[in-house]
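One-letter residues, chain by chain:
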Amino acid sequence: MAKIIDGKAISMKIKDELKEKTAKMKSEGINICLAVIQVGNDPASSVYVRNKKNACKYIGIESLSYELPEDTTEEQLLELVEKLNKDSKVNGILVQLPLPSHIDEDKIIESILPLKDVDGFHPQSVGALSIGQPGFVSCTPAGVIQLLKRSDIEIEGKECVVIGRSNIVGKPMAQLLLRENGTVTIAHSRTKNLKEVARRADILVVAMGKPKFINKEYIKDGAVVIDVGIHRMENNKLCGDVDYDDIIESVSAITPVPGGVGPMTIAMLMNNCVESVELQKK
Ligand code: NAD
């Protein structure tokens, strides 16, 4: 019987641990503050921003909300980030992506002070991860590591295959598995013999953005499968990049969609906000 990795329960436990930590910090006079910036009113972004603000409230992190109109210029946004960079009360700055097309996303990410880059997207954060220095780690892959560790799944020495090489999921995921002493392969859209490569995996992390793509032909018997993908189907239900029903008999553990990786992203963002205080002290 496959173990179903309960991301909802694990993320809740992390949030409760953070709530306790935050309360203790408050009693010592330390407040944590996250600034959340949204440009325009893309409905999906609004839901993400609302969820992040709610998580802050639950944990006891102050959140400052900046809802800017769609026609905000790049200069205006850069000015706001600069103001928040300089504000010692603000520990973390999050700019909700995607931004409208007239704004250069990379330029905005690079304008955030790395010490406040709680999304972990700044080139300095990415570089720090690859050379093992302290810094913020992209939340979704950090959440996957927590799912594995808190489910007692050992990474060290295991064959880990990551399908996807995006900057926010695939690449940092591979770096983190490497940091945990996994033997890591990154597969992507130009990989030849994907089935063969995927079947090498003791731990298979799928982040390819293709609904139900991975079926049992890609799975070694007894593998652990982490499904990062999230898609809304025509019947309005959610599914992942993995064909859950097809592979469930072949795996030893699996994350469901919804309720697997999804809830971990915000929990790890909250974790980064709490950790920012330590990092900024140093
Ligand atoms: P992306 O589109 O930026 O990257 C997809 C990657 O998959 C690419 O590197 C590409 O090379 C690879 N790929 C695409 N088709 C392939 C194929 N046929 N064979 C092998 N590799 C292939 O996507 P992303 O931002 O990394 O996100 C991936 C998925 O994860 C999406 O479904 C996204 O919605 C989801 N996601 C979920 C969370 C969460 O919190 N659960 C967070 C981020 C992304």
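My aim in this report is to walk through the structure given alongside it, one point at a time. (Residues numbered from 1 in each chain as written. Predicted model: local features only at pLDDT ≥ 70, side-chain atom pairs only at ≥ 80, totals over all residues. Heavy atoms only, no water.)

Considerations on the sheet that holds strand E2 (residues 33-39)
Pairing within the open sheet is parallel, and its three strands lie in the order E3-E2-E4. Here the strands that pair on one side only, and so sit at the sheet edges, are strand E3 (62-68) and strand E4 (92-95). Direction aside, the axes of adjacent strands within the sheet are offset by 15° on average. Examined bridge by bridge, E2 and E4 share four bridges and lie parallel to one another. Residue pairing across strands places leucine 34 opposite glycine 92, the latter belonging to E4. Helix H3 (residues 74-86) contacts E2, E3 and E4 of the sheet and is inclined by roughly 180° relative to E2. (Pairing = 2+ DSSP bridges. Helix = DSSP H or I, 4+ residues; strand = E, 2+ residues; numbered from the N terminus. Axes fitted to C-alpha atoms, helices over the stretch in contact; angles between N-to-C directions. Contact = heavy atoms within 4.5 Å.)

A look at the site of the ligand
Close to the ligand lie 23 residues; Arg165, Ser166, His188, Ser189 and Thr265 are nearest. Between the ligand and histidine 188 there is a distance of 3.4 Å, counted from a nitrogen atom to a backbone nitrogen or oxygen. Between valine 228 and the ligand, the recorded distance is 3.4 Å, taken from a backbone N or O atom to an oxygen atom. The protein chains hide 72% of the 860 Å² of surface that the ligand would expose on its own. (Near = heavy atom within 4 Å. Polar contact = N/O pair within 3.5 Å; in protein donor to acceptor, adjacent residues only side chain to side chain. Areas by Shrake-Rupley, 256 points an atom, 1.4 Å probe, with all protein chains shown as cover.)

Here's the deal with helix H7 (residues 170-179)
Considered for burial, the residues of H7 that qualify are Gly170, Pro172, Met173, Ala174, Leu176 and Leu177. Here the buried face of H7 lies against helix H5 (123-130), helix H6 (139-150), strand E5 (159-163), strand E6 (183-187) and strand E7 (203-206). Remark: asparagine 181 follows H7 within two positions and exhibits a positive phi of approximately 70°. (Buried < 20%, exposed > 50% of the residue type's maximum accessible area, 1.4 Å probe, protein only.)

Topic: the nonpolar core
One finds Leu34, Ile61, Leu148, Leu177, Val205 and Met270 to be the most contacted residues of the largest nonpolar core, which totals 51 residues. Among the elements that take part in this core, helix H10 (residues 262-281) stands out by supplying ten residues, more than any other. Counting only domains with at least three residues in this core, you end up with domain 1 (28-121) and domain 2 (139-262). One finds Leu194, Leu204, Ile219 and Ala223 within the second-largest nonpolar core, a separate group that totals 19 residues. (Core = buried A, V, L, I, M, F, W, Y, C linked by side-chain atoms within 4.5 Å. Domains from an automatic or database assignment.)

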